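Structure at a glance
Each chain is listed here by its residues.
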Amino acid sequence: MNHKQFDLEQGILNCWNICEDMKIVADYVMNTSSVDKDKLANILIGLSDMYQLKFEKTFDDFEETIKYYYAQN
């Protein structure tokens, strides 16, 4: 397995972290008596920005993996 394929697999697995991250935010909302809307919005915007970067990197790794395998044929 080349390193690009490994990077792609790791990127895909890392993107699934969003599910756990969303559960943490949900717990925060459910367990905080007075949710600060600004704080919650900042958390969600930060998660959105982070996962945008993760998905872009994963797609770049996907493209590199495809190029690697097609260049060998």
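Look above for the structure.
Residues numbered from 1 in each chain as written. Predicted model: local features only at pLDDT ≥ 70, side-chain atom pairs only at ≥ 80, totals over all residues. Heavy atoms only, no water.

1. What about the pattern of salt bridges?
- Evaluated as defined, the whole model comprises two salt bridges.
- Here Lys57 ties to Asp61 by a salt bridge, and the two come within 2.9 Å at their closest N and O atoms. Highlighted residues: Lys57 and Asp61, both in helix α3 (residues 37-72), separated by four residues, approximately one helical turn.
- Across the pair Lys67 and Glu64 runs a salt bridge, and its minimum N-O distance is 3.7 Å. You can see Lys67 and its partner Glu64 sitting in helix α3, three residues apart, about one turn around the helix.
- Classification of Lys67 as exposed rests on a relative accessible area of 52%.
- Glu64 gets classed as partly exposed once you look at its relative accessible area, which sits at 34%. (Salt bridge = Lys/Arg side-chain N within 4 Å of Asp/Glu carboxyl O. Helix = DSSP H or I, 4+ residues; strand = E, 2+ residues; numbered from the N terminus. Buried < 20%, exposed > 50% of the residue type's maximum accessible area, 1.4 Å probe, protein only.)

2. Re the environment of Asp21
- Residue position: Asp21 is located in helix α2 (residues 17-31).
- Taking the C-alpha atoms as reference points, Asp21 and Lys57, 36 residues apart in sequence, are found 19 Å from one another.
- For Asp21, the residues in contact, after removing those within four places along its chain, are Leu47 and Tyr51. (Contact = heavy atoms within 4.5 Å.)

3. Some points on the packing of α2 against α3
- Running from N to C, α2 and α3 point in directions that differ by 180 degrees, and their axes come no closer than 12 Å. One way to sum up the angle between α2 and α3 is to call them roughly antiparallel. Of the residues in α3, those in contact with Asn17, Ile18, Asp21, Val25, Tyr28 and Val29 of α2 are Lys39, Leu40, Ile43, Leu44, Leu47, Tyr51 and Lys54.
- A per-class count over the contact of α2 with α3 returns nine nonpolar, one polar and three charged. (Axes fitted to C-alpha atoms, helices over the stretch in contact; angles between N-to-C directions. Parallel < 35°, antiparallel > 145°, perpendicular 65-115°, else oblique. Nonpolar A, V, L, I, M, F, W, Y, C, P; charged D, E, K, R; others polar.)

4. A few points about helix α1 (residues 3-15)
- With 13 residues, α1 extends 18 Å from end C-alpha to end C-alpha; this agrees with the ideal 18 Å at 1.5 Å per step.
- Contacts made by the buried residues of α1 are with α2 and α3. (Expected span 1.5 Å × (residues − 1).)

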